[in-house]
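Descriptive structure summary
Listed here are the chains, written in short residue letters.
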Amino acid sequence: MPLGIFTSAIFTGTTTVAVAPSASVEVRRESDNALASIYSDVNGSTPLGNPFTADSEGQFAFYAAGIARGYRVTVTKDATVRTLRNVAIGTAGEFDASDTIGPLLNAATVAAFNTSIGLGA
């Protein structure tokens, strides 16, 4: 099953924004605070160290399975620590109605739904 991707960049400063090159990125499950299984590819065949290091422009990406309550992503650069809570990761955003819901919405299904909510057939 393909995994969802999370990609971001980290910045430092409160009044001046600057990228945080080579920051440390740690990913934990919100549900139990355990380190998450993360990967560098969509198929989950190449595990990614956790924590891992962002690139020279402060950008980072990882793949993970969608889970309830999401992930906690903590990025550290020198004395700066930024934490993103309940980060939702999954593949649902990669599908549209023609892929998933469209085939279910045939005329009979739409008519039954309309009748059930009082709109007639």
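From a predicted model like this one, the values you see are computed outputs, not experimental measurements. (Residues numbered from 1 in each chain as written. Predicted model: local features only at pLDDT ≥ 70, side-chain atom pairs only at ≥ 80, totals over all residues. Heavy atoms only, no water.)

**Notes on the packing of aromatic side chains**
Throughout the structure, instances matching the rule amount to 4 aromatic pairs. On the basis of an interplanar angle of 45° and a centroid distance of 6.2 Å, the ring pair of Phe-6 and Phe-60 is categorised as tilted. Placement of the pair is Phe-6 in strand 1 (residues 4–9) and Phe-60 in strand 6 (residues 59–64), with a sequence separation of 54 residues. Here Phe-52 and Phe-62 contribute two aromatic rings whose centre-to-centre distance is 6.3 Å and whose plane-to-plane angle is 70°, an arrangement assigned as edge-to-face. Of this pair, Phe-52 sits in strand 5 (residues 52–53) while Phe-62 sits in strand 6, placing them 10 residues apart in sequence. Neither residue differs from the other here; Phe-52 and Phe-62 are each classed as buried. Taken together through their ring pairs, the aromatic side chains of Phe-6, Phe-52, Phe-60 and Phe-62 make up a single cluster. (Phe/Tyr/Trp six-rings, centres within 6.5 Å; stacked < 30°, edge-to-face > 60°. Helix = DSSP H or I, 4+ residues; strand = E, 2+ residues; numbered from the N terminus. Buried < 20%, exposed > 50% of the residue type's maximum accessible area, 1.4 Å probe, protein only.)

**Topic: the environment of Gly-70**
On the secondary structure map, Gly-70 appears in the loop between strand 6 and strand 7 (71–77). Relative accessible area serves as the criterion here: at 3%, Gly-70 is assigned to the buried category. Along the sequence, Gly-70 and Glu-30 sit 40 residues apart, while their C-alpha atoms lie 5.9 Å from each other. Ignoring sequence-local partners within four residues, the contact set of Gly-70 consists of Arg-29, Glu-30, Asn-86 and Val-87. (Contact = heavy atoms within 4.5 Å.)

**Comments concerning the nonpolar core**
In terms of nonpolar packing, the biggest core is built from 18 residues, with Val-25, Val-27, Phe-60, Phe-62 and Val-73 touching the most fellow members. Counting only elements with at least two residues in this core, the list comes to strand 4 (24–29), strand 6 and strand 7. (Core = buried A, V, L, I, M, F, W, Y, C linked by side-chain atoms within 4.5 Å.)

**Observations regarding the pattern of salt bridges**
As enumerated under the stated definition, the model contains 4 salt bridges in all. Taking the shortest distance from any N to any O, the salt bridge between Arg-29 and Asp-32 comes out at 2.5 Å. Judged by relative accessible area, which is 44%, Asp-32 ranks as partly exposed. A salt bridge links Glu-30 to Arg-85, with the nearest nitrogen and oxygen atoms 2.7 Å apart. Taken as a pair, Glu-30 in the loop between strand 4 and strand 5 and Arg-85 in strand 8 (residues 80–87) lie far apart in primary sequence, 55 residues in all. Under the relative-accessibility criterion, Glu-30 is labelled buried at 4%. The partly exposed category is assigned to Arg-85, whose relative accessible area is 49%. Put simply, Glu-30, Arg-72 and Arg-85 are held in one network by salt bridges that share partners. (Salt bridge = Lys/Arg side-chain N within 4 Å of Asp/Glu carboxyl O.)

**A look at the pairing of strand 7**
Among the 7 residues in strand 7, 5 count as buried, and that is most of the element. Summarising the sheet, strand 4 and strand 7 pair through 6 bridges and their orientation is antiparallel. Among the inter-strand pairings, Val-25 is bridged to a residue of strand 7, identified as Val-75. Taken together, the 6 bridges between strand 7 and strand 8 define a ladder with antiparallel strand orientation. If you follow Thr-74 over to strand 8, its bridge partner there is Thr-83. (Pairing = 2+ DSSP bridges.)

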